[in-house]
Amino acid sequence: MIKFCFLNKDITFKLSNINWTSADIGNDIEKLWVYNLNYFNWLISDKYGTLSNEQACFLVLDWISQNTNELSEPWEPYPLSKRLTAWTKWLDGGKIPQDIASTMKSSIILQLKRLYLDLEYHNQANHLLENLRGFVAGCRYIIINAHNLFTNELEYQLENVLDELITQISTQFLNDGAHYERSPMYHCEMLEAIEDISSNVSILKKQLFLLPSILEKLGRLEQTCSKLLPKMDNWLELMTMPDGEVAQFNDCERVFGIEHTFNEHTELLSSSGFFVRHKDNNSFIMSCGEPSPSYQPGHTHCDIFSYELAVNGNRIIIDTGCGSYQNKNIRQLCRETEAHNLPLIQHQEQSDIWESFRIGKRAKIT
């Protein structure tokens, strides 16, 4: 038996009978839970350290054999991207039997082909960046460990992905280092993504057989990442409360364990729209930015002037954050003005909330 816990919900499976889709698990399970199962981050997580190498290999092979329907959730581009990153990191550990690694390489090639055809230009933002990260990770692994499988077609696709990465990084990150969706949680994920991209790019840059145009773009991307990462680290530290957890603005779940070293700091992060005040073991952070990005504010809440407060290291006032992506009632409630630490004026929402990930007429800062 093996127990998985995502979103504070435990499900136990027989090792020989893992259900990889909502249809198999049950429709009462949130799609995001199924996504987390298919991310395979648990392969490289300390949380599942009791999972033996033999069990892990069995689960990977089980996924490959069971998930042949490319219209099912495991093949959607977002979990596919996360899985490529997790699989390549796990394979890099070097404890995988050769025959299983060979099977995984063939699957990685298939997943790369599918991902390239399914890049999430319709969602953009963190989804598209995650796609590009996963594609680069998969290509790096194939180039280093199975060069004979790295075709001219894949090389052409890699060059296009590098072009898109350069564009997206310049678009998605603001002058103060914040990711433009203004969610500290997604900022953490994008920080990890940029670190991974930087690491993979530095390895690929040494493969001199690649096209000169690819090597030139790898060099540009490496420089871009090296300049961006310190700014991202600084922004995240500013948005962290004394207990080591981030402020929960917009779509944000608990993220903790972040080092917080500011003894006294006061700053208006004008690009991302946050006012920050840290003094001794007290912190005050206020959200004062518009829905962002303006063309895709799917993770935005009605939270202009909402704030979080910590006194003597204790969280006193906390933002609601993200309660659910799938439950429409919870989703609606968490995005509304009343769910935040600010007044609801004349029963009017700050912005028109449409469905789960849309905003109509929206508030402006003047």
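The structure displayed is predicted, hence computed values, not measured ones. (Residues numbered from 1 in each chain as written. Predicted model: local features only at pLDDT ≥ 70, side-chain atom pairs only at ≥ 80, totals over all residues. Heavy atoms only, no water.)

A. Main features of the pattern of salt bridges. For the structure shown, the criterion picks out 21 salt bridges. Between lysine 217 and glutamate 159 there is a salt bridge, with the nearest N and O atoms lying 2.8 Å from each other. Pair noted here: lysine 217 is in helix α9 (residues 212-238) and glutamate 159 is in helix α7 (residues 152-172), with a separation of 58 residues, a long-range link. Exposure class is identical for lysine 217 and glutamate 159. Each is buried. Arginine 331 serves as the salt-bridge partner of aspartate 251, at 2.7 Å between the closest nitrogen and oxygen. Remark: arginine 331 occurs in helix α10 (residues 328-335) and aspartate 251 occurs in the loop between α9 and β3 (264-269); sequence separation between them is 80 residues. On the accessibility criterion, aspartate 251 (0% relative accessible area) is buried. (Salt bridge = Lys/Arg side-chain N within 4 Å of Asp/Glu carboxyl O. Helix = DSSP H or I, 4+ residues; strand = E, 2+ residues; numbered from the N terminus. Buried < 20%, exposed > 50% of the residue type's maximum accessible area, 1.4 Å probe, protein only.)

B. Quick look at the packing of helix α5 (residues 98-117) against α7. The interhelical angle for the contact between α5 and α7, taken along N-to-C directions, is 50°, at an axis separation of 11 Å. Relative to α7, α5 is oriented oblique. As for the relative orientation of α5 and α7, their crossing is left-handed in sense. Each of Ile109, Leu112 and Tyr116 in α5 lies in contact with α7, whose residues at this interface are Leu154, Tyr156, Gln157, Asn160 and Val161. Residues that form the contact of α5 with α7 fall into these classes: six nonpolar, two polar and no charged. (Axes fitted to C-alpha atoms, helices over the stretch in contact; angles between N-to-C directions. Parallel < 35°, antiparallel > 145°, perpendicular 65-115°, else oblique. Left-handed = near helix turned anticlockwise from the far one by under 90°. Contact = heavy atoms within 4.5 Å. Nonpolar A, V, L, I, M, F, W, Y, C, P; charged D, E, K, R; others polar.)

C. Representation of the sheet that holds strand β7 (residues 314-317). Pairing within the open sheet is antiparallel, and its five strands lie in the order β3-β4-β5-β6-β7. Each end of this open sheet is capped by a strand with a single partner; those strands are β3 and β7. Each strand axis lies, on average, 10° off the axis of its neighbour in the sheet, ignoring direction. By the bridge criterion, six bridges tie strand β4 (residues 274-279) to strand β5 (residues 282-287) in an arrangement that is antiparallel. In the sheet register, valine 276 faces β5, and the bridge partner there is isoleucine 285. (Pairing = 2+ DSSP bridges.)

D. Layout of the side chain of histidine 127. For histidine 127, the position within the fold is in helix α6 (residues 125-145). With relative accessibility at 18%, the residue histidine 127 sits in the buried group. Histidine 127 has contacts with Tyr78 and Glu120, leaving out every residue within four places of it along the chain.

E. Structural detail: the pairing of strand β6 (residues 307-311). Residue alternation in β6 divides its side chains into a buried set, Glu308 and Ala310, and an unburied set, Tyr307, Leu309 and Val311. Two elements, β5 and β6, share four bridges in a ladder whose sense is antiparallel. Within β6, the position partnered with methionine 286 by the bridge is tyrosine 307. Relative to β7, β6 is paired through three bridges, and the arrangement is antiparallel. Directly across from alanine 310, in β7, lies its bridge partner arginine 315. What sits between β6 and β7 in their antiparallel hairpin is a turn of two residues, with asparagine 312 showing a positive phi close to 55°.

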